[in-house]
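Analysis of the macromolecular model
Next come the chains, spelled out residue by residue.
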Amino acid sequence: MNQSPIGIFDSGIGGLTGVKAIQAALPFERIIYFGDTARVPYGPKSQVTIRKYASDDTAMLMRYQPKIIIVACNTVSALALDVVEKSCGNVPVTGVLKAGARLAAEGTRNNRIGVIGTQATVSSNAYGLAINQLNPDIEVISQACPLFVPLAEEGFIDHPATKLIAAQYLAEITKEGIDTLVLGCTHYPILRKVIEETVGPDIRIIDSAEAVAFRTRELLTQSGLLTSSMKASAPHLLVSDLPQKFSMLYQLFMDSEMPDVELVDV
């Protein structure tokens, strides 16, 4: 099991922020990544559909006998983590939502935390519930930012349209006196520079991808499943559509050479 890969899935390219964070935290681990590019975005979909997609995505990764599965999709973390856990038996599962919630709760100074995410994640209030379980005195203010996902998928990292939309979305939440802002979607760190410029330097940004990388390292260490390999390897990338576009965006976001991308049927 120690030499088995880490399995990661997301609705599209957003989970690559998780891949990058895990490579930084665990540079010698093998990674299998599945991006469901045929069905992105998950955020506007119904809970029934999201739960079906979660089951499909887990089944895809289980073909590779992973030692842990990381749900790099906040929407699935909020609405279907139990589906993933049931689908993979004894394989441990961790999601970006709980990891991000914990880091935010530990980091706030004034107990006022903002959360931005997809419509499904925000409507579920999953971040608010997870944060208040850790500290009931924290007030959580949430804002849906549905256009951030397609902007990230198009590679509009520093585009004028992205800046205008960020200003529109974040105007109200920054007036609420928050000192911490959770990027409650793994696509959002791709737009982190614009988000930071919009909210200003006094608000700490919590990247749920970085948080889940720390949590993954903890879980693998505790269970004795860290690899013994001292050789880094490129991730094995699977997508359900548009492998050429995925390849282009991978190079843009990861700033590294492009490994092979395999097109798979969900």
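A brief report on the enclosed structure follows. (Residues numbered from 1 in each chain as written. Predicted model: local features only at pLDDT ≥ 70, side-chain atom pairs only at ≥ 80, totals over all residues. Heavy atoms only, no water.)

Okay, the sheet that holds strand 9 (residues 236–239) next. What the 6 strands build is an open sheet, ordered 4-3-1-2-9-10; its pairing is parallel. Each edge of the open sheet is held by one strand with a lone partner, namely strand 4 (93–95) and strand 10 (261–263). Strand-to-strand twist of the sheet, defined as the mean angle between neighbouring strand axes without regard to direction, takes the value 20°. With 4 bridges joining them, strand 1 (residues 6–10) and strand 3 (residues 68–71) adopt parallel strand pairing. Paired with F9 across the bridge in strand 3 is V71. (Pairing = 2+ DSSP bridges. Helix = DSSP H or I, 4+ residues; strand = E, 2+ residues; numbered from the N terminus. Axes fitted to C-alpha atoms, helices over the stretch in contact; angles between N-to-C directions.)

Judged by pairing direction, the sheet is parallel, and its 4 strands sit side by side in the order 6-5-7-8 without closing on themselves. Edge positions in the open sheet fall to strand 6 (139–144) and strand 8 (204–207), since each of these has one partner strand only. Strand-to-strand twist in this sheet, taken as the mean axis angle between neighbours without regard to direction, amounts to 25°. Pairing of strand 7 (residues 180–183) with strand 8, which is carried by 4 bridges, proceeds in the parallel orientation. Of the residues in strand 8, the one forming a bridge with V182 is I206. Sheet contacts for helix 5 (residues 96–107): strand 5 (112–117), strand 7 and strand 8; angle to strand 8, the most-contacted strand, approximately 155°. (Contact = heavy atoms within 4.5 Å.)

Right, let's get into the pattern of salt bridges. Inspection of the entire model under this criterion finds 18 salt bridges. R102 is the partner of E218 in a salt bridge, and the nearest nitrogen-oxygen pair spans 3.1 Å. Note that E218 is positioned in helix 11 (residues 208–222) and R102 in helix 5, a separation of 116 residues in sequence. Under the relative-accessibility criterion, E218 is labelled partly exposed at 31%. K193 is the salt-bridge partner of D158, the closest N and O atoms lying 3.8 Å from each other. Of this pair, D158 sits in the loop between helix 8 (148–153) and helix 9 (160–170) while K193 is found in helix 10 (residues 192–199), placing the two residues 35 residues apart along the sequence. The class for K193 is partly exposed, based on a relative accessible area of 47%. Linked by salt bridges that have partners in common, D36, R39, K52, D56 and D57 make up one network. (Salt bridge = Lys/Arg side-chain N within 4 Å of Asp/Glu carboxyl O. Buried < 20%, exposed > 50% of the residue type's maximum accessible area, 1.4 Å probe, protein only.)

This part takes up unusual backbone geometry. In this structure, P41 follows V40 across a cis peptide bond, with omega equal to 0°. Mapped onto the secondary structure, P41 falls in the loop between strand 2 (31–35) and helix 2 (47–62). With a phi close to 60°, N111 is a non-glycine residue in the positive phi region. Here N111 is to be found in the loop between helix 5 and strand 5. In this structure, N125 is a non-glycine residue whose phi angle is positive, near 55°.

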